[in-house]
Amino acid sequence: MTKINHRTYQEQRQAYDKIRDVIAGEDRLKNAGSQYLPQPEGMTSTQYNRYVQGSSFYAVAERTLRGMVGSVTRNAPILELTDRIASMRDAATFEGHSLDVLLEDTLREVLSIGRYAMVLDYPTEGAAPGSAPFISTFNAESILDWKEELVGGRQKLTRLRLHEDNDDLDDGVEQHLLLTLEPAYTVRRFHVSRKRNGPEIATTTEVQIGEDIVPTIDGAPLFDIPAVVVSPYNLKADVEKPPFLDLVNVNLAHWRVSADYYWSLYLTSQPTPWVAGSLNEKNMPRQIGSGAFWVLPQGATAGMLEFTGAGIAAQKTALDDLTAQMATLGARMVYDGKGRNETTDTAKLRTRSELSLLHSSVNMVEAAILKLLRLAAEWTQTGTQDQVSLKLHRDFITAQMDPAVLTALIKAWQAGAISHDTLLMNLKKGELMDVNRALDDERDLIEEDENVLPFSTLPEAGNV
């Protein structure tokens, strides 16, 4: 029987689907029904629909992901390419997306799901002479099977099965891309269909499309699969725990408590009138409000039922506790500053933990894309891979310089206490000059600009 999925695939797929649903937000989760928000016992379908629609989902995971990706991409990467692959700056992927888009997509997948595959390939049809290679991308769900083996004394990826999108196929048919070392790099494509013969028995049929492809560069075959599988911690094909899974689980718990909270408010926030006494059809109250007047029989009494007790307050406290827990799991933008019972040292430790994930993810994404770009340069012109470089910024937190600090730096430079290079270096660190600009280039611009004011004319610190 053909092996289609890795033994860990199905278990991980459930985690991936959960993370994507939570990041997609409230509408996706509510449409999923009881999958994420179970129907309370004894509640009718009509009541459950009101229960779901009345809940409020706090989109912490999505905001956290957007903030973390934005903290990396707010400064443009430093990129150097050879002339032969310069076009990859604006068209790096199979879909024609730029390197900036590829970087952002890869960061988003690695930070949230913790898994992303990229394969370097050449255009096979309609490509102009001298065309640059391109990078095909595959999300975690599309990485179906893999195998690493010891080859020539080092661990290599020897098998990688990927799911390819193909809208022209019939329902129930998938297209798979199989990359292997035999020992040369070989590419095959299959159409795969599954037929279920019972609740747990399914028959899988695959048909190869076209012949085996053995890519060559300058007439020589390749002996490495030109692909990388990226995680926040390494470039191995092994599965890692999704970084956002814990945050997503708490986010869902917060939503479930919020559903109970808002349902309780719905049931208890409206006072209910009551009447006790000898009532009949004639003297029974029919309306309520400022325009209604009740005439009750002698001895009858009336009042309003209103909620009292600590039940709803306890639910509100639980919501606050879950919000704080999400903050400690990486959602810094939920809380501005430290937690209610969190010391300054603990807050620093939590921030370092978040930056540790972000820093390691940036390292791995940078290493993976740089590896493919250098391989692309080597494919197009032997001996040029070292001319390719990529550097993502690690200044994740905005550090705008305070005006008083700026004035003090200028005064120190005027007094000869610091060098001009030190002044410019601090201006760059404080993001008052382009972080990608070299200090020598900044000095040249200063010398060329006739409109630059001499430092002696700058205002004193008290007048800034």
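Being a predicted model, the structure only gives us computed values, none of them experimental.

Draft legend 1. Local environment of the overall build of the protein chain. Scanning the protein chain from terminus to terminus reveals eleven helices and 14 strands. Among the 464 residues that make up the protein chain, the fraction classed as buried is 37%. Restricting to contacts in the protein chain with at least 6 residues of sequence separation, those with at least 24 account for 62%.

Draft legend 2. Quick look at the packing of aromatic side chains. Taken as a whole and assessed by the stated rule, the structure comprises six aromatic pairs. Ring geometry for Tyr51 and Trp263: centres 6.0 Å apart, planes at 85 degrees, overall edge-to-face. Linking Tyr51 in helix H3 (residues 45-53) with Trp263 in helix H6 (residues 245-268), this pair joins segments that are 212 residues apart in sequence. Looking at Trp263, the relative accessible area reads 14%, which means it is buried. Geometrically, the ring pair formed by Tyr261 and Tyr262 is edge-to-face, given 5.3 Å between the ring centres and 70 degrees between the ring planes. Here the aromatic cluster, defined as three or more aromatic residues joined through ring pairs, consists of Tyr48, Tyr51 and Trp263. A cation over a ring is seen here: Arg115 above Trp146, with NZ or CZ 4.4 Å from the ring centre.

Draft legend 3. Representation of the packing of H3 against H6 in the model. Closest axis-to-axis distance for the H3/H6 pair is 8 Å, and the angle between their directions is 110 degrees. Taken together, H3 and H6 sit at an angle that is classed as roughly perpendicular. Regarding H3 and H6, the two cross each other, and that crossing is right-handed. For the pair formed by H3 and H6, the contact residues are Gln47, Arg50 and Tyr51 on the first element and Arg256, Ala259, Asp260, Trp263 and Tyr266 on the second.

Draft legend 4. Structural context of the pattern of salt bridges. On inspection of all chains with the given rule, the structure shows 18 salt bridges. Ionic pairing is found between Arg108 and Asp105, a salt bridge with its closest N-O pair at 3.2 Å. Here the residue Arg108 and the residue Asp105 both occupy positions in helix H5 (residues 99-112), the gap between them amounting to three residues, near one helical turn. On the basis of relative accessibility, which here comes to 27%, the residue Asp105 falls in the partly exposed class. Glu182 is the partner of Arg188 in a salt bridge, and the nearest nitrogen-oxygen pair spans 2.8 Å. By sharing partners, the salt bridges in this structure join Arg20, Glu109 and Glu141 into a single network.

Draft legend 5. View of H3. Residues of H3 that are buried: Tyr48, Tyr51 and Val52. In a view along the axis of H3, the buried residues occupy a sector of 95 degrees, so they form one face of it. Lining the buried residues of H3 we find helix H2 (26-31) and H6.

Draft legend 6. Structural view of the sheet that holds strand E11 (residues 227-230). Judged by pairing direction, the sheet is antiparallel, and its three strands sit side by side in the order E3-E2-E11 without closing on themselves. Edge positions in the sheet fall to strand E3 (134-139) and E11, since each has one partner strand and no second. In this sheet, neighbouring strand axes are inclined to one another by 20 degrees on average, regardless of whether the strands run parallel or antiparallel. Bridge analysis of strand E2 (residues 116-121) against E11 gives four bridges, and the strand direction is antiparallel. Bridge pairing in E11 links Met118 to Val228.

Draft legend 7. Up close: a negative patch on the surface. A grouping of Glu95, Asp165, Asp167 and Asp168 is seen on the molecular surface, where their side chains present a negatively charged patch. Turning to its location among the elements, Asp168 is positioned in the loop between strand E5 (154-164) and strand E6 (173-181).

Draft legend 8. Structural context of the side chain of Asn251. You can see Asn251 is positioned in helix H6. Of the polar contacts made by the side chain of Asn251, one reaches the backbone oxygen of Tyr58; its length is 2.8 Å. A polar contact is formed between the side chain of Asn251 and the backbone nitrogen of Ala61, at a distance of 3.2 Å. When neighbours within four sequence positions are excluded, Asn251 is seen to be in contact with Val22, Phe57, Tyr58, Ala59, Val60, Ala61 and Met326.

Draft legend 9. Highlighting the nonpolar core. Formed by 85 residues in total, the largest nonpolar core has its most connected members in Met118, Leu162, Leu179 and Ile369. The biggest single contributor to this core is helix H8 (residues 344-380), with 13 residues. Not counting chain neighbours up to four residues away, the residues in contact with Leu162 comprise Ala117, Val119, Phe138, Ser142, Ile143, Leu144, Gln175, His176, Leu177 and Leu179. Membership of the second largest hydrophobic core comes to five residues, among which are Leu409, Ile410, Leu424 and Leu427.

Draft legend 10. Up close: the packing of helix H4 (residues 60-73) against H6. Packing of H4 against H6 brings their axes to within 9 Å, and their N-to-C directions diverge by 145 degrees. Here Val60, Ala61 and Thr64 of H4 come into contact with H6, specifically with Leu247, Val248 and Asn251. Partitioned by chemical class, the residues of the contact of H4 with H6 number four nonpolar, two polar and no charged.

Draft legend 11. Up close: the pairing of E5. Examined bridge by bridge, strand E4 (residues 143-151) and E5 share eight bridges and lie antiparallel to one another. Bridge pairing in E5 links Lys147 to Arg159. Taking the residues between adjacent antiparallel strands as the criterion, E4 and E5 are bridged by two residues, where Gly152 takes a positive phi near 60 degrees. Relative to E6, E5 runs antiparallel, the two being bridged by six bridges. By the bridge assignment for E6, Leu162 is matched with Leu177.

Draft legend 12. Fine view of the side chain of Arg161. Considering the arrangement of structural elements, one finds Arg161 in strand E5. Side-chain polar atoms of Arg161 contact the side chain of His176, separated by 3.1 Å. Reaching out from Arg161, the side chain makes a polar contact with the side chain of Glu206 at a distance of 3.3 Å.

Draft legend 13. Main features of the environment of His254. Positionally, His254 belongs in helix H6. Given the relative accessible area of 7%, His254 is considered buried. Not counting chain neighbours up to four residues away, the residues in contact with His254 comprise Tyr58, Leu319, Leu322, Thr323 and Met326.

Reading the values: rules and limits
Residues numbered from 1 in each chain as written. Predicted model: local features only at pLDDT ≥ 70, side-chain atom pairs only at ≥ 80, totals over all residues. Heavy atoms only, no water. Helix = DSSP H or I, 4+ residues; strand = E, 2+ residues; numbered from the N terminus. Buried < 20%, exposed > 50% of the residue type's maximum accessible area, 1.4 Å probe, protein only. Contact = heavy atoms within 4.5 Å. Phe/Tyr/Trp six-rings, centres within 6.5 Å; stacked < 30°, edge-to-face > 60°. Lys NZ or Arg CZ within 6 Å of the ring centre and 35° of its normal. Axes fitted to C-alpha atoms, helices over the stretch in contact; angles between N-to-C directions. Parallel < 35°, antiparallel > 145°, perpendicular 65-115°, else oblique. Left-handed = near helix turned anticlockwise from the far one by under 90°. Salt bridge = Lys/Arg side-chain N within 4 Å of Asp/Glu carboxyl O. Arc of directions from axis to C-beta. Pairing = 2+ DSSP bridges. Patch = residues over 30% accessible without salt bridge, like charges linked within 9 Å, V, L, I, M, F, W, Y side chains within 5 Å. Areas by Shrake-Rupley, 256 points an atom, 1.4 Å probe, with all protein chains shown as cover. Lys, Arg positive; Asp, Glu negative; His and termini not counted. Charge placed at Lys NZ, Arg CZ, Asp CG, Glu CD. Polar contact = N/O pair within 3.5 Å; in protein donor to acceptor, adjacent residues only side chain to side chain. Core = buried A, V, L, I, M, F, W, Y, C linked by side-chain atoms within 4.5 Å. Nonpolar A, V, L, I, M, F, W, Y, C, P; charged D, E, K, R; others polar.

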